[in-house]
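As a plain string of letters, each chain reads:
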Amino acid sequence: RPNNQAIVWYGMTGITAGIAIWCTHFIAILAYQPSAPVRFDLSLTFDSLVMAILGAILGIMIAGMIKTRIAIVIGGTLFGLAVVAMHYTGMVAYRVQGAVSWDNTYLVASAVIAIVLATTALCFGMRMTKGSGLKMTAALTLAIVGLHFTGMAAYNVASIGIDPDYSNPQEYALLALVIAGTAGMIVMGGLFTYFIEKRTRMESIEELRQARDAAESASRAKSEFMSVLSHELRTPLTIVIGYASFLSKLKSNTTSKLKPGEPITEAHFNSLGDQTELYGQRVKSAGGHLLTIINDILDYTSIELNDIKLSKAAFSTRDLLLEVAEQFQGLSGEKSITLSTESDDMAVMADRARCLQILINLVGNALKFSKADHIYLRARAQGTGFRFEVEDNGRGIDKKDLTRIFQAFTQIENADNRSEGGTGLGLAICKKLSIAHGGDITVESIVGTGTKFTVFFPFSLDAPTSKQLAQAA
Ligand code: ADP
């Protein structure tokens, strides 16, 4: 279906072709000097220009927009006829003071040449192959030159004794000026269009290239994620299967070690029980780890699908921080890391479970990756909202990685981090959850000094009732 842009382009092509043809015709007319004085009817000359332009636009539009063979022939015929009309209107405007006679054969031949060559030109023009533009221009040039000189051969002027002093040189000068001006405009317009087109083409190539690069890097990130994920899932699963197979053979392994006739004692029973307990714990912890990974993936996917439903309620930030600290008590004690909490005395309106998830992620990361000995967990009121801060005095994050870490599936590549596991989804989930609350998460870090993650939430629009706030605080 032809669009507006195509119509504009066909129109512009028609105007340019019409003007160019008219210029060619009138340059040749100016060069033709019969043996009698000449004047020009300027308004008819102008009419001939309008005819050339309208005919060219009409012919090119019909051929270009319908694109069937018949449309090209009709368009070409109209175009050719318009050029013929322009030529002969121009000749009528050419007022010569002599005896004029016409040769009908040349006259008809000139019209046929114009129509056939204009049709041929449109045929080339519609092909859109390499070099077809040049062929079209050549055919059009032949059409106008053929028409003009055959037409002029049909035109004979005999002197009636008035001296051809070209008594009105101003008209010649005027026409020459108009022709030079319009020809100059066409060249300028052509160059302008050429550069604009080249530029738009470069821009769209650049846009396409960027889109392709983005798609490629997204797909690369996903493949990397799949490989990390398979590895992450396999590790705890191998542990589960390993200990389950120990458990399944525990009894037969113990009894096979008994000497013939040796009774099973309480000591055997106790050792069996101890081993079962240990193996059971390992299965449980590996299973728990597996579940965390799967939950992360499910969580991220559902957030990615915009399926995130926040259930906002008023809660005390101080209680929330204490709950986080409690969850990490065991782990921070194990690594002898101090986890301190500070909260303004406030109740806020947000999805408590999601806030807990964000903070657990951030504190978990600080424990896993930072090698810090102190982690600070804070909640503060700030302007039109409130913020959580998780700060550590650990090794920090390189500047170049600071924006990257929030992208899904991204882990900073180094052996230490890999050994800590994780899917690279934690911070991406935190970011999405913060944005879903109308807030954001940011990070500041100095390598060797520590890292601070700040989560800012604006105060919720669905404000809590004073009763809710009182209950929460
Ligand atoms: P993961 O699932 O691996 O924990 P995250 O998206 O939570 O993924 O974290 C991305 C990366 O950011 C981690 O691999 C880690 O290298 C880095 N990182 C996060 N928090 C810290 C921190 N407090 N100190 C140093 N590095 C950190």
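The model shown is predicted, which means the values in this text are computed figures rather than measured ones.

K.L.:
Describe the overall build of the chain, and please don't skip the residues or the numbers.
P.N.:
Along its length, the chain carries 12 helices and 11 strands. The globule rule puts the C-alpha radius of gyration for 473 residues at 23 Å, and the 43 Å found for the chain is more than 25% above it. Residues classed as buried in the chain amount to 38% of the 473 residues present. Taking all contacts inside the chain whose residues are at least 6 apart in sequence as the whole, residues at least 24 apart take part in 78%. For the chain, the exposed area adds up to about 26,600 Å²; of that, 62% sits on carbon and sulfur atoms. Averaged over its 42 positive side-chain charges, the chain has a centre that lies 5 Å from the centre of its 42 negative ones.

K.L.:
Quick one: what's the story with the packing of aromatic side chains, residue by residue and with numbers?
P.N.:
A complete count under the given rule lists 17 aromatic pairs for this structure. An angle of 90 degrees between the planes, with centres 5.6 Å apart, marks the rings of Phe386 and Phe388 as edge-to-face. Neither residue differs from the other here; Phe386 and Phe388 are each classed as buried. A cation over a ring is seen here: Lys431 above Phe406, with NZ or CZ 4.8 Å from the ring centre.

K.L.:
Please give an account of the packing of helix α2 (residues 42-66) against helix α3 (residues 69-93) that cites residues and values.
P.N.:
Between α2 and α3, the shortest axis-to-axis distance is 8 Å and the interhelical angle comes to 175 degrees. Overall, the two elements α2 and α3 adopt an arrangement that is roughly antiparallel. Residues belonging to the contact of α2 with α3 are distributed by class as follows: 18 nonpolar, 7 polar and no charged.

K.L.:
Hey, could you go over unusual backbone geometry for me, with residue numbers and the actual values?
P.N.:
Working note: non-glycine residues mostly have negative phi, and peptide bonds are mostly trans. Here Lys67, not a glycine, exhibits a phi torsion of approximately 65 degrees, which is positive. Mapping Lys67 onto the fold places it in the loop between α2 and α3. The class for Lys67 is partly exposed, based on a relative accessible area of 46%. Here the phi dihedral of Lys371 falls at roughly 60 degrees; this positive angle occurs in a residue that is not glycine. Here Lys371 lies in the loop between α9 (352-369) and β8 (374-382).

K.L.:
Can you tell me about the sheet that holds strand β10 (residues 440-446), naming the residues and giving the values?
P.N.:
Spatially, β6-β8-β9-β11-β10 is the arrangement adopted by the 5 strands of the open sheet, whose pairing is mixed. Each having just a single partner strand, β6 (338-343) and β10 make up the two edges of the open sheet. With strand direction ignored, the average angle separating the axes of adjacent strands in the sheet is 15 degrees. In the sheet, β8 pairs with strand β9 (residues 385-392) via 8 bridges, with the strands oriented antiparallel. Its bridge partner being in β9, Tyr376 is matched across the sheet by Glu391. Against the sheet, helix α8 (residues 317-334) engages β6, β8 and β9, with an angle of about 170 degrees to β6. The strands touched by helix α11 (residues 426-436) are β10 and β11 (450-458); relative to β10, the strand with the most contacts, the crossing angle is about 135 degrees.

K.L.:
Account for a nonpolar patch on the surface, naming residues and giving values.
P.N.:
Nonpolar side chains collect at one region of the surface, where Leu58, Ile70, Ile74 and Leu78 lie side by side and expose about 360 Å² of accessible area between them. Tallying contributions element by element places α3 first for the nonpolar patch, with 3 residues.

K.L.:
With reference to specific residues and values, describe the state of the cysteines.
P.N.:
Going through the model one piece at a time under the given rule, you end up with 0 disulfides. Counting only cysteine sulfurs, Cys430 is the nearest neighbor of Cys355, a cysteine outside any disulfide, at a range of 11 Å.

K.L.:
Run through the pattern of salt bridges, naming residues and quoting values.
P.N.:
Within this structure, the stated rule accounts for 18 salt bridges. For the salt bridge of Glu391 with Arg378, the shortest nitrogen-to-oxygen distance reads 2.9 Å. With a gap of 13 residues between them, Glu391 in strand β9 and Arg378 in strand β8 connect regions that are remote in the sequence. A salt bridge links Glu389 to Arg387, with the shortest nitrogen-to-oxygen separation between them at 2.7 Å. Classification of Glu389 as buried rests on a relative accessible area of 5%. Ionic contacts of the salt-bridge type, sharing partners, join the residues Glu342, Asp344, Arg378, Arg380, Arg387, Glu389, Glu391 and Lys452 into one network.

K.L.:
So, the pairing of β11: which residues are in play, and what are the values?
P.N.:
Examined bridge by bridge, β9 and β11 share 8 bridges and lie antiparallel to one another. When the sheet's bridge partners are listed, Phe388 is paired in β11 with Val455. Taken together, the 7 bridges between β10 and β11 define a ladder with antiparallel strand orientation. Pairing of Ile446 across the sheet is with Gly450, part of β11.

K.L.:
Give a description of the side chain of Asp296 that names residues and reports values.
P.N.:
Along the chain, the position of Asp296 falls in helix α7 (residues 266-304). No salt bridge is formed by the buried Asp296; the nearest opposite charge belongs to Lys368, separated by 7.2 Å. Excluding residues that lie within four positions of it along the chain, Asp296 makes contacts with Thr423, Leu425 and Ile429.

K.L.:
Could you give an account of the environment of Gly11, naming the residues involved and the relevant values?
P.N.:
Mapped onto the elements of the fold, Gly11 is located in helix α1 (residues 4-31). Assessed through its relative accessible area of 11%, Gly11 is described here as buried. Between the C-alpha atoms of Gly11 and Leu42, which are 31 residues apart in sequence, the distance is 26 Å. Residues within four places of Gly11 in sequence aside, it is in contact with Ile57 and Met61.

K.L.:
Kindly report on the nonpolar core, identifying the contributing residues and their values.
P.N.:
Nonpolar side chains tend toward joint burial in soluble globular proteins. The biggest cluster of nonpolar side chains holds 47 residues, and the ones touching the most others in it are Leu359, Leu362, Val363, Leu377, Phe388 and Phe453. It is α9 that contributes the most residues to this core, 8 residues altogether. Core analysis: the second largest hydrophobic core is formed by 45 residues, Met91, Ala111, Ala121 and Met136 among them.

K.L.:
Mind laying out the environment of Leu359, listing which residues take part and the relevant values?
P.N.:
Tracing the chain through its elements places Leu359 in helix α9. Along the sequence, Leu359 and Ile308 sit 51 residues apart, while their C-alpha atoms lie 18 Å from each other. Excluding anything up to four places from it in sequence, Leu359 contacts Leu320, Leu321, Val324, Gly364, Leu377, Phe388 and Val390.

Reading the values: rules and limits
- Residues numbered from 1 in each chain as written.
- Predicted model: local features only at pLDDT ≥ 70, side-chain atom pairs only at ≥ 80, totals over all residues.
- Heavy atoms only, no water.
- Helix = DSSP H or I, 4+ residues; strand = E, 2+ residues; numbered from the N terminus.
- Rg over C-alpha atoms; globule rule 2.2 N^0.38 Å.
- Buried < 20%, exposed > 50% of the residue type's maximum accessible area, 1.4 Å probe, protein only.
- Contact = heavy atoms within 4.5 Å.
- Areas by Shrake-Rupley, 256 points an atom, 1.4 Å probe, with all protein chains shown as cover.
- Lys, Arg positive; Asp, Glu negative; His and termini not counted.
- Charge placed at Lys NZ, Arg CZ, Asp CG, Glu CD.
- Phe/Tyr/Trp six-rings, centres within 6.5 Å; stacked < 30°, edge-to-face > 60°.
- Lys NZ or Arg CZ within 6 Å of the ring centre and 35° of its normal.
- Axes fitted to C-alpha atoms, helices over the stretch in contact; angles between N-to-C directions.
- Parallel < 35°, antiparallel > 145°, perpendicular 65-115°, else oblique.
- Nonpolar A, V, L, I, M, F, W, Y, C, P; charged D, E, K, R; others polar.
- Pairing = 2+ DSSP bridges.
- Patch = residues over 30% accessible without salt bridge, like charges linked within 9 Å, V, L, I, M, F, W, Y side chains within 5 Å.
- Salt bridge = Lys/Arg side-chain N within 4 Å of Asp/Glu carboxyl O.
- Disulfide = S-S within 2.5 Å.
- Core = buried A, V, L, I, M, F, W, Y, C linked by side-chain atoms within 4.5 Å.

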